[in-house]
Amino acid sequence: MTDDPTGGHQWKTLMDRLDPVELRTDVPHAARMYDYFLGGKDNFPADREAAEQTIAVFPNSRIVVRQNRTFMTRATRHLTGELGIRQFLDIGTGIPTSPNLHEVAQEIAPETRVVYTDNDPIVLAHARALLTSTPEGRTSYLHSDVRDIDHILGAQELKDTLDLTRPVALSLIAVFHFIPDSDDPYGIIRRLVDALPSGSYVALTHLTADFDPAMLAVQETYLSRGVPMHLRDRAQVERFFDGLELLEPGLQVVHRWRPDGAVPADLTDAAVSIYGGLAYKA
């Protein structure tokens, strides 16, 4: 790693290298739809229309997104506060919505370093402006797709921020249900995990239709708008953790993974419909 004399965070001017045609505001994008579900304003009519169509077929869509977000917060707190992790690689960052991963981690350990990765230029613009680190730590942003593993692992942003000889937490929150089997999602995660040293962790969430078949209509809605989506069942999601040791309580619907308190009776598995887990690389 190299030191950053600018105060702990240094953004490369990647926006200058992006082709303007990459910013397709007429086509829905999963990150901007996610922002809309969370009540954000960084989205466009195409995103809002697709999100509202999703809500029409699955009224609990906002619950899914919010519970997924709180899983990220709890997992990050556990990794930082209980497991001593000080480095994170967050792939599929999404538009910054506080608390962000580094805010959660750096509140516990200000020296924490985070590399954020996403493939949407709008996410890039917001990340460069908002995802600023504590002076003791560091955040950086990498514009890349999870399928471009060579680019991610070879990026200077990653090399300057993380020390891959020390444990890293790989965060893959709501990413792989956007990767079809034809893109070899299991091969992607294997390559990413193989690049991490022993003592690292993987946090992952994934949508499922195991509890409510209406989720299949969500999948069709996304596909009809040109947004890839591939729901998977429990066994298929567990396969992402092959070769790793799932921490207790194992793979769970996210609201049941180390909840901060009693789970409300009206918060059902069918309403949440997204699995989550945290695993250790020995």
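Just so we're clear, the structure is a prediction, and the values are computed from it rather than from any experiment.

Asker: Help me understand the overall build of the chain, please; the structure alone is not making it clear to me.
Answerer: From N to C terminus, the chain includes eleven helices and eight strands. Scaling as 2.2 N^0.38, a compact globule of 282 residues should have a C-alpha radius of gyration of about 19 Å, and the chain matches this with 18 Å. A total of 282 residues make up the chain; the buried ones form 53% of that total. Pairs at least 24 residues apart make up 75% of the contacts formed inside the chain by residues separated by at least 6 positions. Per element, the accessible surface of the chain, about 11800 Å² overall, is 51% carbon and sulfur.

Asker: Whenever I open this one, empty space enclosed by the protein confuses me. Can you help?
Answerer: Within the structure shown, the criterion is met by one cavity of 30 Å³ or more. Looking at the largest cavity, its volume works out to about 30 Å³. Every residue along the wall of the largest cavity is listed here: Met72, Ala75, Thr76, Leu79, Phe88, Leu101, Ser171, Ile173 and Ala203. Tallied by class, the residues present in the lining of the largest cavity amount to seven nonpolar, two polar and no charged.

Asker: Would you explain helix 5 (residues 121–130) in this entry?
Answerer: Residues spaced three or four apart along an α-helix point in a common direction, a consequence of the helix completing one turn every 3.6 residues. Those residues of helix 5 that fall on the buried side of the exposure criterion are Pro121, Ile122, Val123, Leu124 and Ala127. Lining the buried residues of helix 5 we find helix 1 (30–37), strand 2 (113–118) and strand 3 (138–143). Residue Asp120 occupies the N-cap position of helix 5, its side-chain oxygen lying 2.9 Å from the main-chain nitrogen of Ile122.

Asker: Would you mind showing me how to read the pattern of salt bridges here?
Answerer: Two side chains of opposite charge can pair, provided their charged atoms sit close to one another. For the coordinates displayed, the defined rule picks out eleven salt bridges. Across the pair Arg32 and Asp120 runs a salt bridge, and its minimum N-O distance is 3.2 Å. Of this pair, Arg32 sits in helix 1 while Asp120 sits in the loop between strand 2 and helix 5, placing them 88 residues apart in sequence. What makes Arg32 buried here is its relative accessible area of 2%. Its relative accessible area of 1% is what places Asp120 among the buried residues. Among the salt bridges present, the one from Arg232 reaches Asp181, with a minimum N-O distance of 2.9 Å. Of this pair, Arg232 sits in the loop between helix 9 (214–224) and helix 10 (234–238) while Asp181 sits in the loop between strand 4 (169–172) and helix 8 (185–194), and the two are 51 residues apart along the sequence. Classification of Arg232 by relative accessible area gives buried; the value is 2%. Owing to a relative accessible area of 45%, Asp181 belongs among the partly exposed residues under this scheme. Through salt bridges that share partners, Arg32, Asp47 and Asp120 make up one connected network.

Asker: I would appreciate a short explanation of the packing of helix 1 against helix 2 (residues 45–57) in the present structure.
Answerer: When two helices pack together, their arrangement is given by the angle between their axes and by how far apart the axes lie. In the contact formed by helix 1 and helix 2, the axes pass within 9 Å of each other and the chain directions differ by 65°. For the element pair helix 1 and helix 2, the recorded crossing hand is right-handed. Mapping the contact onto sequence places Arg32, Met33, Tyr36 and Phe37 in helix 1 and Asp47, Arg48, Ala50, Ala51, Glu52, Thr54 and Ile55 in helix 2. Its residues placed into classes, the contact of helix 1 with helix 2 shows six nonpolar, one polar and four charged.

Thresholds applied
- Residues numbered from 1 in each chain as written.
- Predicted model: local features only at pLDDT ≥ 70, side-chain atom pairs only at ≥ 80, totals over all residues.
- Heavy atoms only, no water.
- Helix = DSSP H or I, 4+ residues; strand = E, 2+ residues; numbered from the N terminus.
- Rg over C-alpha atoms; globule rule 2.2 N^0.38 Å.
- Buried < 20%, exposed > 50% of the residue type's maximum accessible area, 1.4 Å probe, protein only.
- Contact = heavy atoms within 4.5 Å.
- Areas by Shrake-Rupley, 256 points an atom, 1.4 Å probe, with all protein chains shown as cover.
- 1 Å grid on protein atoms, 1.4 Å probe; cavity = no way out; pocket = protein on both sides within 12 Å on 5 of 7 lines; lining within 4 Å.
- Points joined across faces, edges and corners; volume = space filled by probe spheres on them.
- Nonpolar A, V, L, I, M, F, W, Y, C, P; charged D, E, K, R; others polar.
- Polar contact = N/O pair within 3.5 Å; in protein donor to acceptor, adjacent residues only side chain to side chain.
- Salt bridge = Lys/Arg side-chain N within 4 Å of Asp/Glu carboxyl O.
- Axes fitted to C-alpha atoms, helices over the stretch in contact; angles between N-to-C directions.
- Left-handed = near helix turned anticlockwise from the far one by under 90°.

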